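# Observations on the three-dimensional arrangement
What follows is the residue order along each chain.
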Amino acid sequence: MSATDKKRELPKQFVIQLGKLFQAYRMYPPGTRHVQDAAARCAEIMREFGEPIRLTLVDEDVVVEEDVLYPVPTQLNKILSSFSTLEWESMKFDPKLGVAGLIEVLDHIAKGEPGSYITVGFIAGSIQIVEEGGDGEDNNVAAGYLGILPMVQEMMDEIANGRRGSWMRAREVTRLITSHIVAGEDLFSPILEMKDYDQYTFTHALNVSALSLGIARRMDLPEKLLDSIGIGALCHDLGKTRISYEILRKPGKLNDEEREIMNRHPVDGAAHILQMEESISPLVAVIAFQHHMRMDGTGYPALKVSQPPHPAAMMVAVADTYDAVRTVRPYQKNAMDQHAAMSILLKEAAANRLHPVFVSIFARTLGLFYPGAKLVLNDGKEATILAEGEYDVLQPLVEIGEGGEIADLSLPGSPTIVGVIEGGEPPADPWE
Ligand SMILES: [Fe+2]
Ligand SMILES: [Fe+2]
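So, how was this worked out
The numbers attached to residues start from 1 for each chain and follow its sequence in the written order. Following the order in which they are written, the chains are lettered starting with A and the ligands numbered starting with 1. Local features in this predicted model are restricted to residues of pLDDT 70 or higher, and side-chain atom pairs are both shown and tallied only at a pLDDT of 80 or more, whereas totals for entire chains, interfaces and linings draw on every residue. Whether two strands pair depends on DSSP finding at least two bridges between them. Each helix is a run of DSSP H or I of at least 4 residues and each strand a run of E of at least 2, with the numbering of both proceeding from the N terminus. Only buried Ala, Val, Leu, Ile, Met, Phe, Trp, Tyr and Cys residues enter a nonpolar core, and they are joined through C-beta atoms within 7 Å. Residues with at least 20 neighbouring C-beta atoms inside 10 Å of their own are called buried, those with 12 or fewer are called exposed, and the rest are partly exposed, where every C-beta is derived from the backbone. Once C-beta atoms are placed from the backbone, any two residues with those atoms within 7 Å are in contact. The predictor's confidence in any single residue is recorded as pLDDT, a number from 0 to 100. Here the axes come from fitting lines to C-alpha atoms, over the contacting stretch only for helices, and the angles between their N-to-C directions go from 0 to 180 degrees.

What follows covers the sheet that holds strand E4 (residues 90–93). The 6 strands lie next to each other as E3-E2-E1-E4-E6-E5, forming an open sheet whose pairing is antiparallel. Whereas interior strands pair on both sides, the edge strands pair on one side only; in this sheet they are strand E3 (67–68) and strand E5 (117–119). With 2 bridges joining them, strand E2 (residues 61–64) and E3 adopt antiparallel strand pairing. Residue pairing in the sheet places Val64 in a bridge with Asp67 of E3.

Given below as structure tokens:
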């Protein structure tokens, strides 16, 4: 058999091995040797093939890359029926998935919850979602969002591999996100919904980009700058593509050495962006470099002479912090709800770590500060919003306590808001 023929056989071998792995996974506890050995064999074939392996299910046919698998090996019966429960018609397995990644994908398959699924090195869903990015006629509010997601994955892979033309793709994705926001389409709902699992890098990149652009658009910035902010936000965690899956998804706290590796991602990301041959706004690298730096000089990377981060990096920091606490992480059982997440941002702004103006604009984007909203003030008292702040949503007219005094938080020396207990209702449009 020639070397090319041998390579062509690898994807098929992978799929059959995956079927065996799933059988082992169903029979034995995940940590046992049967499961680990079967997963290691799968990972080995993926590594040898060296490229993502595509598996497509069309009616009764199992298509691996371009080849139909016929007859379908019996070892695949169980996993194929699980795929149909999940409504997965197309899957892409990247070699970087590794053993831990494969086990995580199996954990998700075993849950049997239908719908598309994306994680580092793996994407699955209906054929439209994976291949074409969703059809425009779908009424589902998440369709626009899910449609962009595979493009984000392709784009990040391209950038991580230094492929030419990848910035064009990043710009395309950014413009697409902006067009959804401008058209008033509900791109934020899927982001604001509770997330029950961590889809990690791609959803995070898309969320942070959409949320940062939400802030930037309210500031009437020129389109070129919006592009750079959107692309910078999409690529802010690019340096994490160099971190092993084991550290990235480690349950429990990282040790000092692992923390050091993790904290290198802003530097690695910025270096990678600057090393690419095509020209891109330096702001994209600045955002990647500074997104964990804080206004008070804390955060990382630590500079010899501390300087305040670029405003664009501070906008992205607000969106990044929000999305991070809203997402379930391996070390954090429950994601915070919107109000708790917003309270974190308010506290960070009060401590001068996040920029209060961007937090305020972000708060308006989320619509959490309407009349009726219940707040916590920095003097520990509770307050209810009576009327929206005219210039700043974080400085409304409030009633302190129940039937207590009325206070205008825009007046100098007023208490500041440090928490949200309950969101209010948007006022009815008088023109409707
Ligand atoms: Fe980061
Ligand atoms: Fe991030």
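The structure having been displayed, the exposition proceeds.
Before going further, it helps to examine the nonpolar core. Soluble globular proteins: nonpolar side chains tend toward being buried together. Counting 99 residues, the largest nonpolar core has Cys42, Val152, Met315, Val318 and Leu345 as its most contacted members. Once residues lying within four places of it in the same chain are set aside, the contact partners of Met315 are Ser212, Ile215, Ala216, Ile229 and Phe358.

With that settled, consider the confidence of the model for the protein chain. Scored by pLDDT, the protein chain has a mean of 83; 88% of the residues are at 70 or more. Here helix H5 (residues 127–132) is the element of the protein chain with the lowest mean pLDDT, 45, and helix H14 (residues 282–290) is the one with the highest, 96. Low pLDDT, under 50, characterises residues 128–141; the predicted model gives this stretch 24 contacts beyond four residues in sequence or across chains. Under a pLDDT of 50 for its full length, residues 193–199 has, in the predicted model, 13 contacts with residues more than four places off or in other chains.

Spatially, 5 strands are ordered E10-E9-E8-E7-E11 in an open sheet, and the strand pairing comes out antiparallel. Looking at which strands have only one partner, the edges of the open sheet turn out to be strand E10 (406–408) and strand E11 (417–422). Taken pair by pair, the neighbouring strands of this sheet meet at an average axis angle of 40°, ignoring direction. Where strand E7 (residues 374–377) and E11 come together, 4 bridges link them in antiparallel fashion. Directly across from Leu377, in E11, lies its bridge partner Ile417.

Glancing now at unusual backbone geometry. Cis geometry marks the peptide bond from Tyr70 to Pro71; its omega dihedral reads -10°. A cis geometry characterises the amide bond from Tyr300 onward to Pro301, with omega recorded as -5°. Residue placement: Pro301 occurs in the loop between H14 and helix H15 (311–326). We note that Glu87 has phi near 60°; this positive angle belongs to a residue other than glycine. One can find Glu87 in the loop between helix H3 (77–86) and E4. Phi is positive for Asn352, close to 65°, though the residue is something other than glycine. Of note, Asn352 is situated in the loop between helix H16 (338–350) and helix H17 (356–366). On the basis of neighbour counts, which here come to 13 C-beta atoms within 10 Å, the residue Asn352 falls in the partly exposed class.

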